[in-house]
Amino acid sequence: MQVSPSEIFAGYTFDITTNEIRIPLAALPGLTAAEANAATGNGMELIRQIVDRTHSQLASLAPTARPTKATVAKPNPSIASGVNVAPGTLRQTYNLAFDLQPTALELASEV
């Protein structure tokens, strides 16, 4: 199934005059205004919140209403390890998969 951007992000808009997409801060409940700030914010936290919101919104759909050509999975977090990792840090991974049309490398149609 194809899912519209507004099904994932409440209040999503596309301005045809400026070619800008807009996702309201309220559509990403885990993101603060400071983190979203264009000059001083945290771009990686913005990306994480977009991916996490996408996962939760898709998971809330009935299985028959979910896309099959683009999927987002969120396994349970694990204890992070390695150089420069603070003890007790959790690592959350996400698995994104997109079926692409081989000629244009665009998302495969859900129909």
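Residues numbered from 1 in each chain as written. Predicted model: local features only at pLDDT ≥ 70, side-chain atom pairs only at ≥ 80, totals over all residues. Heavy atoms only, no water.

Check the secondary structure of the protein and you find three helices and six strands. Moving toward the C terminus, one meets the helices and strands of the protein in the order α-β-β-α-α-β-β-β-β. Here the C-alpha radius of gyration of the protein, 16 Å, is well above what a compact globule of 111 residues would show, namely 13 Å. The principal-axis extent of the C-alpha atoms belonging to the protein is close to 45 × 30 × 30 Å. Residues counted as buried form 19% of the 111 residues belonging to the protein. In the form shown here, the protein has an accessible surface area of approximately 7,900 Å², with 59% of it arising from carbon and sulfur atoms. In the protein, 7 positive and 9 negative side-chain charges are present, and the distance between their average locations comes to 8 Å. (Helix = DSSP H or I, 4+ residues; strand = E, 2+ residues; numbered from the N terminus. Rg over C-alpha atoms; globule rule 2.2 N^0.38 Å. Buried < 20%, exposed > 50% of the residue type's maximum accessible area, 1.4 Å probe, protein only. Areas by Shrake-Rupley, 256 points an atom, 1.4 Å probe, with all protein chains shown as cover. Lys, Arg positive; Asp, Glu negative; His and termini not counted. Charge placed at Lys NZ, Arg CZ, Asp CG, Glu CD.)

With that out of the way, let us pick up the environment of glycine 30. Residue position: glycine 30 is located in the loop between β2 (20-22) and α2 (33-36). A sequence separation of 16 residues divides glycine 30 from leucine 46, and the C-alpha atoms of the two residues are 9.3 Å apart. When near neighbours in sequence (up to four residues on either side) are disregarded, glycine 30 contacts Glu35, Glu45 and Gln49. (Contact = heavy atoms within 4.5 Å.)

Before going further, it helps to examine the pattern of salt bridges. Where side chains of opposite charge bring their charged atoms close, a pairing between them can arise. One pass over the full model with this rule turns up four salt bridges. Put simply, lysine 74 and aspartate 52 hold a salt bridge, and the shortest N to O gap is 2.7 Å. Separated by 22 residues along the polypeptide, lysine 74 in the loop between β3 (70-73) and β4 (78-79) and aspartate 52 in helix α3 (residues 43-60) bring together distant segments of the chain. (Salt bridge = Lys/Arg side-chain N within 4 Å of Asp/Glu carboxyl O.)

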